[in-house]
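# Commentary on secondary and tertiary structure
If you want the building blocks of each chain, they are given just below.
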Number of protein chains: 2
Amino acid sequence: MNRFSFTEYLTSNAGLDASLVSSLVSSCQTKQYKSGDYLLREGERSLHSFFIEKGLAKMYGIDSRGKEHILQFAPEGWFVADRESAYFQKPATCFIQAIEDTSVLLIDEAHILEMARANPGFLEFNNKLLHNHIRHLNNRIYQLLSATAEERYLSFIKTYPDILLRVPQIMVASYLGITPESLSRVRKDLAGKHAAR
Amino acid sequence: MNRFSFTEYLTSNAGLDASLVSSLVSSCQTKQYKSGDYLLREGERSLHSFFIEKGLAKMYGIDSRGKEHILQFAPEGWFVADRESAYFQKPATCFIQAIEDTSVLLIDEAHILEMARANPGFLEFNNKLLHNHIRHLNNRIYQLLSATAEERYLSFIKTYPDILLRVPQIMVASYLGITPESLSRVRKDLAGKHAAR
DNA sequence: TTTTTTAGTTGACATATACCACTGTTTTAG
DNA sequence: CTAAAACAGTGGTATATGTCAACTAAAAAA
């Protein structure tokens, strides 16, 4: 499995100079999680978000009927955060859990702002990340509003072919907002259509 | 109908000093739209987002079956933007349309970044806005994944009681991801439950 | 390895919500 | 003010997806 060094990530994507980056990175704590470990639990208060250097995590909530709904998968090179706790100092509304052995960097919003003040390039980079994230979320909302289970699954395959191979179907179903049984049937139908040609 | 001056908004919420704010605001263009006018159409290229000072707009997409899906309502005091065009210089993927007579401020990302460089307080404010927006979107996704039509409607009433009164039911239905007929029945059921007590 | 748990498939059936058609009613435009 | 359009309610019916249960296969734990 490949690993994303946060240092490399920043130097190559944010256009920052090496010394600045290393000062930021060295001020961040690294942490290891085994598959199944929680990075964050609902109700906890925590002021940092996570940058995944290696492995895979999921952010999810549990509804009143006890069902799990996955809000985000976070593979290496991605950020994941419960905004409620990390940016608004409230108890977390989600769980974040490793689904592979995972190593992360803990990042405080304070660090981000500090960096941004010191370096305008970083500010632009950070903004772009946030806008990009918003774009993704809008996209997902649009799909949930407009597309059938099959269409959403096809779109998932196309957008996250890598993740598809790394997580059980039951989690894909949860992400898509359907039951595992339904996903199984969607896949069967698609296989049939494909074979028919 | 009340009006939100962007100047007042910034001075009271972002903690900026008056001269800075007025220099920002004066560099932004104001524009008026009649109900039904488009602020932005799918496919257009445009580099600004909108701050609604008065009135109400909706951002929506049209799917392959010709159906409209509302991504966001934007009443006075809110921002609305197609990120694809405003921040990534691509053709817009959405329509933004006034549903009341509306007056807006056109804001360029360039302005935002400029302001942020000049004033750290503004940077924090802008970040908070973005994180808050992300929080809202996550919330909506969670609802679409986990809640029934009735639950989503109740949540809408609670979260946006003001908007409920200003838009036709058909738009609420579109926002919730259900048909107008279904919403009509949900309302009927709720009225029944309420009367039963 | 053996046992236990979790995941995936499939059938039968239930249900929420969509679709279509029709009817008033309200709003908008001429 | 009148005509046309958009909106809202309701019945009948269709359909996608959920629920429950049983069985097999695969993965994790002992």
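Here, the structure is the one placed above.
Computed from a prediction, not measured in an experiment: that's the story for all the values here.

Our next topic: the packing of helix 5 (residues 120-146) of chain A against helix 5 (residues 120-146) of chain B. Relative orientation of the contacting elements helix 5 of chain A and helix 5 of chain B amounts to 20 degrees, with a least axis distance of 10 Å. Classified by the angle between their axes, helix 5 of chain A and helix 5 of chain B sit roughly parallel to one another. Between helix 5 of chain A and helix 5 of chain B lies a crossing of left-handed hand.

It is worth spelling out the protein's contact with DNA strand C at this point. If you check the shell around DNA strand C, you find 16 residues, and the closest are Gln169, Ile170 and Arg185 of chain A together with Lys67 and Ser182 of chain B. Those atoms of DNA strand C that come within 4 Å of the protein belong to sugar or phosphate at a rate of 64%. In the environment of DNA strand C, a phosphate oxygen lies 2.6 Å from a nitrogen or oxygen atom belonging to the side chain of Gln169 of chain A. Within the contact set of DNA strand C, a base nitrogen lies 3.4 Å away from a side-chain nitrogen or oxygen of Arg185 of chain B. Residue assignment for the surface near DNA strand C shows that the elements contributing at least two residues are helix 8 (169-176) and helix 9 (180-196) of chain A together with helix 9 (180-196) of chain B. Per-element accounting of the surface near DNA strand C gives the leading share, four residues, to helix 9 of chain A. Here the residues of the surface near DNA strand C sort into four nonpolar, six polar and six charged.

Across the contact, 43 residues belong to chain A and 43 residues belong to chain B. Carbon and sulfur atoms supply 66% of the area that chain A and chain B bury against each other, a total of about 4,100 Å² over both sides. Ranking the residues of chain A by area buried against chain B places His131, Arg135 and Leu145 of chain A at the top, with a combined share of 17%. For the pair chain A and chain B, the interface holds five salt bridges.

Bringing the packing of helix 1 (residues 6-13) of chain B against helix 2 (residues 18-26) of chain B into the picture now. All names here are of chain B. Here helix 1 crosses helix 2 at 145 degrees, and the two axes come no closer than 10 Å. The chirality of how helix 1 crosses helix 2 is right-handed. Residues Phe6, Thr7, Leu10 and Thr11 of helix 1 lie in contact with helix 2, whose contacting residues are Ala18, Val21, Leu24 and Val25. Residues that form the contact of helix 1 with helix 2 fall into these classes: six nonpolar, two polar and no charged.

So, about the relation of the copies chain A and chain B. Structural alignment of chain A on chain B gives an RMSD of 0.0 Å, achieved by rotating through 180 degrees and translating 0.0 Å along the axis. The relationship between the two copies is best expressed as a two-fold rotation axis. Comparing interface residues between copies, 100% of those in chain A also sit at the interface in chain B, which points to an isologous, same-surface contact.

Attention now moves to the protein's contact with DNA strand D. What surrounds DNA strand D is a group of 17 residues, the closest being Lys67 and Ser182 of chain A together with Gln169, Ile170 and Arg185 of chain B. In this structure, Ser184 of chain B approaches DNA strand D through a side-chain N or O atom, which is 3.2 Å from a phosphate oxygen. Secondary structure elements with two or more residues in the surface near DNA strand D: helix 9 of chain A together with helix 8 (169-176) and helix 9 of chain B. Partitioned by chemical class, the residues of the surface near DNA strand D number four nonpolar, six polar and seven charged.

Residue and element names in this part refer to chain A. Throughout the structure, instances matching the rule amount to two cavities of 30 Å³ or more. The calculated volume of the largest cavity comes to roughly 40 Å³. Every residue along the wall of the largest cavity is listed here: Phe6, Leu10, Phe79, Ile112, Phe122, Phe125, Asn126 and Leu129. Of all the secondary structure elements, the ones that give two or more residues to the lining of the largest cavity are helix 1 (6-13) and helix 5.

On to the nonpolar core. Membership of the largest hydrophobic core comes to 46 residues, with the highest contact counts inside it found for Phe50 and Ile96 of chain A together with Phe50 and Ile96 of chain B. When sequence neighbours within four positions are dropped, the list of residues in contact with Phe50 of chain A reads Tyr33, Leu39, Trp78, Phe79, Val80, Ile96, Val104, Leu105 and Leu106 of chain A. Counting 40 residues, the second largest nonpolar core, distinct from the first, contains Met115, Leu123 and Phe125 of chain A together with Val21 of chain B.

Bringing the pairing of strand 7 (residues 95-98) of chain B into the picture now. All names here are of chain B. The alternating pattern of strand 7 places Phe95 and Gln97 and Ile96 and Ala98 on opposite faces, both of which are buried. Looking at chain direction, strand 2 (residues 38-40) and strand 7 are connected through two bridges and run antiparallel. Paired with Tyr38 across the strands is Gln97, a residue of strand 7. Pairing of strand 4 (residues 56-62) with strand 7 involves four bridges; the strand directions are antiparallel. By the bridge assignment, Met59 is partnered in strand 7 with Ile96.

All names here are of chain A. Strand order in this open sheet of four strands is 1-8-3-6, and the pairing throughout is antiparallel. A single partner strand is all that each edge strand has here, and the edge strands are strand 1 (29-33) and strand 6 (79-80). Each of strand 3 (48-54), strand 6 and strand 8 (102-108) is contacted by helix 1, which is oriented at about 95 degrees to strand 3, the strand it contacts most.

A few words on the pairing of strand 4 (residues 56-62) of chain A. In terms of burial, strand 4 of chain A is largely enclosed, as six of its seven residues are buried. Taken together, strand 4 of chain A and the strand that follows it, strand 5 (residues 68-75) of chain A, pair antiparallel across an intervening segment of five residues, in which Gly66 of chain A is found at a positive phi of about 85 degrees.

Turning our attention to the packing of aromatic side chains. In this structure the tally under the stated criterion is 32 aromatic pairs over all chains. With centroids separated by 6.0 Å and ring planes inclined at 55 degrees, the aromatic side chains of Tyr38 of chain A and Phe95 of chain A adopt a geometry described as tilted. Placement of the pair is Tyr38 of chain A in strand 2 (residues 38-40) and Phe95 of chain A in strand 7 (residues 95-98), with a sequence separation of 57 residues. A relative accessible area of 14% means that Phe95 of chain A is categorised as buried. Between the aromatic rings of Phe122 of chain B and Phe125 of chain B, the centroid separation amounts to 6.3 Å while the plane-to-plane angle is 45 degrees, which identifies the pairing as tilted. Residue Phe122 of chain B and its partner Phe125 of chain B are both found in helix 5; the two are separated by three residues, about one turn of the helix.

Cut-off values and rules
- Residues numbered from 1 in each chain as written.
- Chains lettered and ligands numbered in written order.
- Predicted model: local features only at pLDDT ≥ 70, side-chain atom pairs only at ≥ 80, totals over all residues.
- Heavy atoms only, no water.
- Axes fitted to C-alpha atoms, helices over the stretch in contact; angles between N-to-C directions.
- Helix = DSSP H or I, 4+ residues; strand = E, 2+ residues; numbered from the N terminus.
- Parallel < 35°, antiparallel > 145°, perpendicular 65-115°, else oblique.
- Left-handed = near helix turned anticlockwise from the far one by under 90°.
- Near = heavy atom within 4 Å.
- Polar contact = N/O pair within 3.5 Å; in protein donor to acceptor, adjacent residues only side chain to side chain.
- Nonpolar A, V, L, I, M, F, W, Y, C, P; charged D, E, K, R; others polar.
- Contact = heavy atoms within 4.5 Å.
- Buried area = accessible area lost by both parts, 1.4 Å probe.
- Salt bridge = Lys/Arg side-chain N within 4 Å of Asp/Glu carboxyl O.
- Least-squares fit on C-alpha atoms with pLDDT ≥ 70 in both.
- 1 Å grid on protein atoms, 1.4 Å probe; cavity = no way out; pocket = protein on both sides within 12 Å on 5 of 7 lines; lining within 4 Å.
- Points joined across faces, edges and corners; volume = space filled by probe spheres on them.
- Core = buried A, V, L, I, M, F, W, Y, C linked by side-chain atoms within 4.5 Å.
- Buried < 20%, exposed > 50% of the residue type's maximum accessible area, 1.4 Å probe, protein only.
- Pairing = 2+ DSSP bridges.
- Phe/Tyr/Trp six-rings, centres within 6.5 Å; stacked < 30°, edge-to-face > 60°.

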